[in-house]
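Each chain is listed here by its residues.
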Amino acid sequence: MSEACNESSCSSCSVEGCSSRKADLKEPANKFSHIQHVIGVVSGKGGVGKSLVTSELAVKLHRQGYKVGVLDADITGPSIPKVFGIHEQAVGNDNGVFPAQTPEGIKIISVNLMLENEDDPVIWRGPVIAGVVKQFWNEVIWGDLDYLLVDMPPGTGDVPLTVFQSLPVDGVIIVTSPQELVEMIVKKAYNMARMMNIPVLGLVQNMSYLICPDCGRLIYIYGEGKGEEMAKELSIPSYASLPIDPAIASLCDAGRIEEFDHPYLDAMVKYLAAL
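In this report, the structure presented in the accompanying data block is examined.

Parameters and conventions
Position labels on residues start from 1 in each chain and follow its written sequence. In view of the model being predicted, local features appear only for residues whose pLDDT reaches at least 70, and side-chain atom pairs are presented and counted only at 80 or more, with totals across whole chains, interfaces and linings using the full set of residues. Remark: hydrogens and water are excluded; side-chain values derive from all non-hydrogen atoms of the structure. Paired strands are those between which DSSP finds at least two bridges. Strands are runs of DSSP state E lasting at least 2 residues, helices are runs of H or I lasting at least 4, and numbering of each runs from the N terminus. Every patch collects residues that have over 30% relative accessible area and no salt bridge, joining them within 9 Å if they carry like charges and within 5 Å if they are nonpolar side chains (Val, Leu, Ile, Met, Phe, Trp, Tyr). Only the protein chains shown count as cover for residues, and the accessible areas themselves come from Shrake-Rupley with a 1.4 Å probe. Put simply, a salt bridge is a Lys or Arg side-chain nitrogen that is within 4 Å of an Asp or Glu carboxyl oxygen. Using a 1.4 Å probe on the protein chains alone, a residue whose accessible area is under 20% of its type maximum counts as buried, one over 50% counts as exposed, and one in between counts as partly exposed. Aromatic contacts are taken between Phe, Tyr and Trp rings whose centres are within 6.5 Å, Trp giving its six-membered ring; a plane angle under 30 degrees counts as stacked, one over 60 as edge-to-face, and the others as tilted. When charges are counted, Lys and Arg are positive and Asp and Glu negative, with His and the chain ends excluded. Charge positions are represented by NZ for Lys, CZ for Arg, CG for Asp and CD for Glu. Contact between two residues is taken to exist if any of their heavy atoms lie within 4.5 Å; hydrogens are not considered.

**Here's the deal with the sheet that holds strand β7 (residues 143-151)**
Backbone hydrogen bonds are what pair the strands of a sheet, in a parallel or an antiparallel way.
Move 1: With mixed pairing, eight strands are arranged side by side in an open sheet as β5-β6-β2-β7-β1-β8-β9-β12. Edge positions in the sheet fall to β5 (100-101) and β12 (238-241), since each has one partner strand and no second.
Move 2: Both strand β1 (residues 33-42) and strand β8 (residues 171-176) contribute to a ladder of four bridges, which runs parallel. The residue bridging I39 from the neighbouring strand is G171, located in β8.

**Quick notes on a nonpolar patch on the surface**
Move 1: Together, I211, L218 and Y220 give the surface a local cluster of nonpolar side chains, amounting to about 230 Å² of exposed area.
Move 2: Position of I211 among the secondary structure elements: in strand β10 (residues 210-211).
Move 3: Judged by its relative accessible area of 38%, I211 falls in the partly exposed class.

**Regarding the packing of aromatic side chains**
Move 1: The full count for this structure, using the stated rule, is three aromatic pairs.
Move 2: Relative to Y147, the ring of Y66 lies with its centre 5.3 Å away and its plane at 90°, an arrangement referred to as edge-to-face. You can see Y66 sitting in the loop between α2 (50-63) and β2 (68-72) and its partner Y147 sitting in strand β7, a full 81 residues away along the chain.
Move 3: Overall, Y147 belongs to the buried group, its relative accessible area being 2%.

**Regarding a negative patch on the surface**
Move 1: Taken together, E116, E118, D119 and D120 make up a surface patch of like negative charges.
Move 2: When its relative accessible area of 67% is taken as the criterion, D119 is described as exposed.

**A closer look at unusual backbone geometry**
The general pattern is negative phi for most residues beyond glycine and trans for most peptide bonds.
Move 1: With a phi angle near 55°, M207 is a residue other than glycine that sits in the positive phi range.
Move 2: When you line up the elements, M207 lands in the loop between β9 (200-205) and β10.
Move 3: Residue M207 is classed as partly exposed on the basis of its relative accessible area of 22%.

**Some remarks on the pattern of salt bridges**
Move 1: Under the criterion given, the structure shown has six salt bridges.
Move 2: The partner of K187 in a salt bridge is E233, with the nearest N and O atoms 2.8 Å apart. Of this pair, K187 sits in helix α6 (residues 180-195) while E233 sits in helix α7 (residues 226-234), placing them 46 residues apart in sequence.
Move 3: A single network of salt bridges, built from pairs that share partners, joins E183, K187 and E233.

**Some thoughts on the environment of G49**
Move 1: Topologically, G49 is positioned in the loop between β1 and α2.
Move 2: Counting along the chain gives 128 residues from G49 to S177, while the straight-line C-alpha distance between them is 8.3 Å.
Move 3: Not counting chain neighbours up to four residues away, the residues in contact with G49 comprise V175 and N206.

Take a look at the structure:
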């Protein structure tokens, strides 16, 4: 804090790095929300499986007895409701908006729960999209949650910036796939988190290998060990290497991800449980 700081005038403060100014950017949660941990799931690249990892982590944490919510911050490409089989619209009252609940009791909010037709496009400019993300935090009645997982859109634009500045994010999980092009872009997300003082909790590599249905051999389509190499280079833990699994894809397509039952993310869940 600057020696001449007047905490009542943060909006006009020009002192970079002022702790009071940074704290002032955080949005208050809904008064009926009590959330212990906010975890972002990020990647600089689209199509690597952020929503899949977010959903599987939510299911795993819920099975451990934790109260879990998912904030779908991918406003223009939401997929969380589909994965969980939720198609009804969200409702609310004077106190805020109620998140939908999955059959197992995981709470979710997504722009698709606000649309008249879930396949309607969201054609909004960046500031409007960022405003919706803030509303998902301060207008949604989350109740008591141990973990709120934030499924982020790809890139390092308005939404990640809004989440990092406005929500009390405890850390982010980076999702990648083995291609070298993805590796380069994923590092942008890592560097963004570091520049904004958001802890990077670890890395999950999706689409790491394919299990041969005949002999059980692991086929590394994009090469072996790339996720571990990237994690070592960035000095972060590598918690999981997920396979290309048609059975899991079928569960997502059918809206039955809560039937997911594999140990792939157990190490990540154990780490989050220790926060």
